[in-house]
Amino acid sequence: MTAVLRVQGLTRFFGGVRAVGGVEFEVAPGELKALIGPNGAGKSTCFNMLMGQLRPSSGEVFLNGKRITGLPPRDIWRRGVGRTFQITATYQSMTVAENVQMALISHHRRLFSFLPYARNLYREEALALLDVVGMVDQADRSCAVLAYGDLKRLELAIALSHDPTLLLMDEPTAGMAPKERIALMQLTADIVRDRGISVLFTEHDMDVVFTHAHHIMVLNRGELIADGTAAQVRANARVQEVYLGGGTLYAAEDAHA
Ligand code: ADP
Ligand code: MG
């Protein structure tokens, strides 16, 4: 089966500093895969290259067998790579349902300026997506009053409105309480199972990672040192070295980069 995502020799320098070097991995259809590693390991740099925000210094990225290396973010997004966007101030003035409707309108390439005249455009589809993330009862609330965990679930619904085959989530649970983190990852795991999409994510909470991820990759100083099941990664000598060699895998409250 063709991998949804295939990464070959992915490398990025910042000046003379190599943030990511020779990273190679695949994400299979329907796979929930975690990328973990200490602060500064290069996780966000990898994500930013996959999403098109950063150009790789070298290496290749293939989506469903097609080369997407160096394409601008919008082109990568159009080809089915979703990500969770942070809801900005502008969108806070709208209701929960309107935010999802906006995303659906954009997905169907209508003009944003039509929205005021089309309150019901994609309303049913928006409610269906809100149902997926358990937010349908809050459809007509203003985003400005949402709890943080609910905002995160709304962001997930918005990401799904673009019907992605692959969802990239860089620290989706940053700033959430442990209970909310578990709930969001459980929801993500359910969505992966029900919709057959693939998800690549980073996460601080090792319990969450080891409970939900099908496979786990460990990045250390820009290099992948492990890629396997939870049991394989736990048993990996190099991973243990990173844990035991004075390096903490994550600081307790690591800044969201
Ligand atoms: P992580 O997400 O795993 O914490 P990052 O990918 O953010 O790690 O950072 C990897 C390394 O690259 C770090 O040493 C960081 O300081 C450096 N880095 C990241 N982004 C930039 C940038 N825009 N300019 C210079 N150095 C950067
Ligand atoms: Mg990061």
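These notes cover the structure that comes with them. These numbers were taken from a predicted model, which means no experiment stands behind them.

### Observations regarding the sheet that holds strand 1 (residues 5-14)
Taken together, four strands build an open sheet; the order of strands is 2-1-4-5 and the sheet is antiparallel. For this open sheet the edge positions go to strand 2 (17-27) and strand 5 (66-67), each flanked by a neighbour on one side alone. Sheet analysis places strand 1 next to strand 4 (residues 58-63), joined by five bridges and oriented antiparallel. Residue L5 lies in a different strand from strand 4, and its bridge partner there is L63. Taken strand by strand, helix 1 (residues 43-51) contacts strand 1, strand 2 and strand 4, and its axis lies near 115° from that of strand 1.

### Things to note about the pairing of strand 4
One ladder, built from two bridges, connects strand 4 with strand 5; its direction is antiparallel. Each residue of the ladder has a partner; that of L63, found in strand 5, is K66. Between strand 4 and strand 5, which pair antiparallel and follow one another directly, the connecting turn spans two residues, one of which, N64, has a positive phi of 45°.

### With respect to the pattern of salt bridges
If you walk through the whole model with that rule in mind, you get 10 salt bridges. Residue R18 pairs with E223 through a salt bridge whose shortest N-O separation is 3.0 Å. Placement of the pair is R18 in strand 2 and E223 in strand 10 (residues 223-228), with a sequence separation of 205 residues. Its salt-bridge partner being D190, residue R193 comes within 3.5 Å of it at the nearest N-O pair. Placement of both R193 and D190 in helix 7 (residues 178-195) is noted, with a separation of three residues, approximately one turn of the helix. Counted as one network, the salt bridges with shared partners bring together D190, R193 and D194.

Scoring rules and cut-offs
Once a new chain begins, its residue numbering starts again from 1 and follows that chain's sequence as written. Starting at A for chains and at 1 for ligands, labels are handed out in the order in which the entities are written. Only residues with pLDDT of at least 70 get local features here, since the model is predicted, and only at 80 or more are side-chain atom pairs given and counted; chain-wide, interface and lining totals rely on the full set of residues. To obtain the side-chain values, all non-hydrogen atoms of the structure were used and water was disregarded. One bridge is not enough; two strands pair if DSSP finds at least two bridges between them. By the criteria applied, helices consist of DSSP H or I runs no shorter than four residues and strands consist of E runs no shorter than two, each listed in order from the N terminus. For this analysis, residues touch if any pair of their heavy atoms sits within 4.5 Å. Axis definition: a line fitted to C-alpha atoms, limited for helices to the stretch in contact. Angles are taken between N-to-C directions and run from 0 to 180 degrees. The salt bridge criterion pairs a side-chain nitrogen of Lys or Arg with a carboxyl oxygen of Asp or Glu, the two atoms within 4 Å.

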